[in-house]
Amino acid sequence: MASDFPPSAIRIWMHKLKKGVGQPATVLERSLLNLMSAEAASLSVKNATERGILVARAGGGRAKRLALTFCQKVSRLPSSSSDPYCFECHLPGVVKKCISCDRSFHDNCQRQDPEKPNYSVPSDKGQPYRFPVNESDNQPPNNTQNLETPRTPTPTPFLDHNSNINQTSLATPDFLKHENTEWDDDVFFVSEQKGARQRKLARIKHELQSSLDSDESSDLERCTHCRLLALAALHNPPQLDKQELGCLLKYSWDKHYSWISMDVTKYMAKHWTERDKALVKRILFKSKILGLGDIERNIEAEKYTYLTEFLVDLLDLQHNIALFFGPKSVEYNATKWLLRDVTHDIREIRRCPDCYRYSNEASLSDLWFAKPCLQRHELVLAKQAGSPPWPAKVMSVSKRPPIKYDVRFFGGTHSRALISERDITPIESDIQSHIKPRNSRALSAALRELQCHMMLSHYSASLFGFHAEPTVAENLIQVALSHCSESTEPSASGKRGRPSTPATPGAAKKRRLNNTTSDTPSPVPNRGIADSVAYDNLTAEILQAHEDLLKCRRELSATQRKLDAVKRKQWCYHCLDEAVFNCCFNAAYCSVECQRRDKRRHQATCKVTH
């Protein structure tokens, strides 16, 4: 076809043909030899000439050789109703137009799952945790999953793919935070038990199966951009408004935008004139060129309603950079790293927006992990080799057996780990046999944070939300901390053991804990506060502080309204009473008598001729 030449050739040719300069065809062909063979370069120049992008004109000098230059009239440049380049591989060819927008794609490049990229991203660059290589979603899905799990007492939850853990990488020491479709964000409780007799899932063909199949086939007629936007509201966390979403996206953007050092708008503004930029925009891009500055301004202006809107803007940015710099360029590879990290943050926000916000605001509070979330996480004791059972929050649960739990530990650096089901104990069960009376300093700090979290969980999560007053949340934490500091203090007498923490695993001392009972009370706090008097005093103190805060807010708002009303009034220039009429722009008076008395002083500055 006449359009079969790489779009990145336009940028290379524009450096040779800036400001209407003409060059021989051989010069343009040699400039493409780094991208393709000599025959393909000659064919690309020929195709661009046939499309009217390059036009011939007589060169200067005595030889009068024909030279090629860009068509200088923008209106004469060829244009199509849709994007001639694939939105996935960013190359020309036989493309299919999206039924909802101007984007196009190849049939072989279309994603089966719009949230899974069809390219591989290495997982060892710039990451504190490892990601596996993304598998192509063109592979057939694995339907060999067994519907029953008779050997495990825990029911198999219904899960989706918005997580980042890979249970196949457990052999590596840094197996945290992997991408896989076997994990879920739904709340799942360890104490739930499967029924004694449970049938297999019935495989009955639904009455609307034919309509669902037709909807799926029509969904493949749309591009990835439109398919993602169609599910934007469904994949967005509930009760997440635009202001809070903008704050979370700013946290993610500030951490990851530095992957891209040059985008299309910066490059064109640095090297080309306005006329040359208009020619390139006409040839390559069907829509507005999105740059890093545009995305940052959208975040600051809180224009994003859903997380998916931010993601599709990054996909448009990636498409523009691939067209302009080429799909094998360093700039395009940087967009893969950017999308990898941002997609991970989006999945974390979908799982729990409060946890993501608390972790990014860790510098504001030492006990940020003790704050309760709107989506409550189950508290468990997770056992790792070389460490005692450690208090943790359940973030997600695996789908296939063997069941694995993604937990985040209390205390230390609040690290995450994959723990087997047999090493998980719900916090409501008897934990006397799982905790030693003499604990290490790290475990004592973790238990203290756990008890503080239990106390704060009695109050509404809105007191710690995005729109809550930070001083109120900090006061609640300090009051709760003062009531739980003594109960988890380790014993001072005797030699203390020093088990390694889950954050820094060390050599294993014992694989089994001593199950014998002891007369020493357990340092692990139960759910609630044992001392009812202390609990009543804590509740009364917090409620009184909250009432005082509301009273001060009402007085402040009333004073502000009075001040606003006073500012809207005019006052007499002589006696400072409320004015009735204006003498000029500079003075107003309450009566004619005050105007007469103030005439001598005001006459020098009066703007009205009497």
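Conventions and cut-offs
Residues numbered from 1 in each chain as written. Predicted model: local features only at pLDDT ≥ 70, side-chain atom pairs only at ≥ 80, totals over all residues. Heavy atoms only, no water. Helix = DSSP H or I, 4+ residues; strand = E, 2+ residues; numbered from the N terminus. Buried < 20%, exposed > 50% of the residue type's maximum accessible area, 1.4 Å probe, protein only. Contact = heavy atoms within 4.5 Å. Areas by Shrake-Rupley, 256 points an atom, 1.4 Å probe, with all protein chains shown as cover. Arc of directions from axis to C-beta. Core = buried A, V, L, I, M, F, W, Y, C linked by side-chain atoms within 4.5 Å. Pairing = 2+ DSSP bridges. Phe/Tyr/Trp six-rings, centres within 6.5 Å; stacked < 30°, edge-to-face > 60°. Lys NZ or Arg CZ within 6 Å of the ring centre and 35° of its normal. pLDDT = per-residue confidence, 0-100.

Trainee: Tell me about the overall build of the protein, and please be specific about residues and values.
Mentor: Regarding its fold elements, the protein presents 17 helices and eleven strands. Classification of the 610 residues of the protein by burial places 45% in the buried group. In the protein, of all internal contacts separated by at least 6 residues, the share reaching a separation of at least 24 is 65%. For the protein, the exposed surface amounts to about 33,700 Å²; the carbon and sulfur share of it is 52%.

Trainee: Break down helix H9 (residues 292-300) for me, with residues and values.
Mentor: Since the α-helix packs 3.6 residues into each turn, any two residues three or four apart lie on the same face. Taken together, the buried positions of H9 are occupied by Leu292, Asp294, Ile295, Asn298 and Ile299. Seen end-on, H9 carries its buried residues on one side only, within an arc spanning 165°. The elements touched by buried residues of H9 are helix H6 (242-256), helix H7 (264-271) and helix H10 (307-325). Glu302 sits one or two positions beyond H9 and adopts a positive phi of about 55°.

Trainee: If you had to explain the environment of Met14 to someone new, which residues and values would you point to?
Mentor: Along the chain, Met14 falls in helix H1 (residues 8-16). On the basis of relative accessibility, which here comes to 1%, the residue Met14 falls in the buried class. Taking the C-alpha atoms as reference, Met14 lies 8.6 Å from Trp272; in sequence the two are 258 residues apart. The contact partners of Met14, leaving out residues within four places of it in the chain, are Phe70, Trp272, Asp276, Leu279 and Val280.

Trainee: I'd like a rundown of the nonpolar core, residues and numbers included.
Mentor: In terms of nonpolar packing, the biggest core is built from 65 residues, with Trp13, Phe70, Phe310 and Phe324 touching the most fellow members. Per-element accounting of this core gives the leading share, twelve residues, to H10. Residues within four places of Phe310 in sequence aside, it is in contact with Leu249, Trp253, Ile295, Ile299, Tyr304, Val342 and Ile346.

Trainee: Tell me about the pairing of strand S8 (residues 416-420), and please be specific about residues and values.
Mentor: Taking burial as the measure, the five residues of S8 include five buried ones, the bulk of the element. On S8, burial covers both faces: Arg416, Leu418 and Ser420 on one face and Ala417 and Ile419 on the other are all buried. Of the strand pairs in this sheet, strand S7 (residues 404-409) and S8 are connected by five bridges, and their pairing is antiparallel. The residue of S8 that forms the bridge with Asp406 is Leu418. Where S7 folds back onto S8 in an antiparallel hairpin, the turn is made up of six residues, including Gly411, whose phi is positive at roughly 80°.

Trainee: Tell me about the packing of aromatic side chains, and name the residues and values.
Mentor: With the rule as written, the count across this model stands at 13 aromatic pairs. Aromatic pair Phe324 and Phe325: ring centres 5.0 Å apart, planes at 85°, arrangement edge-to-face. Relative accessible area serves as the criterion here: at 0%, Phe324 is assigned to the buried category. For Phe325, a relative accessible area of 7% translates into the label buried. The interplanar angle of 75° and the centroid separation of 4.9 Å between the aromatic rings of Phe369 and Phe410 together place this pair among those described as edge-to-face. Of this pair, Phe369 sits in the loop between helix H12 (353-360) and strand S5 (379-382) while Phe410 sits in the loop between S7 and S8, and the two are 41 residues apart along the sequence. Residue classification places Phe369 among the buried positions, given a relative accessible area of 3%. Taken together through their ring pairs, the aromatic side chains of Trp253, Tyr257, Tyr304 and Phe310 make up a single cluster. Residue placement shows Lys393 over the ring face of Phe369; its charged tip is 4.1 Å from the ring centre.

Trainee: Mind laying out the confidence of the model for the protein, listing which residues take part and the relevant values?
Mentor: In the predicted model, the protein carries a mean pLDDT of 75, and 72% of its residues have values of at least 70. Looking across the protein, the model is least confident in helix H4 (residues 209-219), with a mean pLDDT of 56, and most confident in H6, with 94. Confidence over residues 487-500 falls short of pLDDT 50; this stretch has 31 contacts with residues more than four positions distant or in other chains. Note on residues 503-530: pLDDT is under 50 here. Beyond four places in sequence and across chains, it has 43 contacts.

Trainee: Please give an account of unusual backbone geometry that cites residues and values.
Mentor: Cis peptide bonds are those with omega within 30 degrees of zero, and the linkage from Pro401 to Pro402 qualifies with 0°. Assignment of secondary structure puts Pro402 in the loop between strand S6 (390-397) and S7. Its identity is not glycine, yet His90 carries a phi of approximately 65°, on the positive side. For His90, the position within the fold is in the loop between strand S2 (66-70) and strand S3 (96-97). Phi is positive for Glu302, which is not a glycine, with a value near 55°. Mapped onto the secondary structure, Glu302 falls in the loop between H9 and H10.

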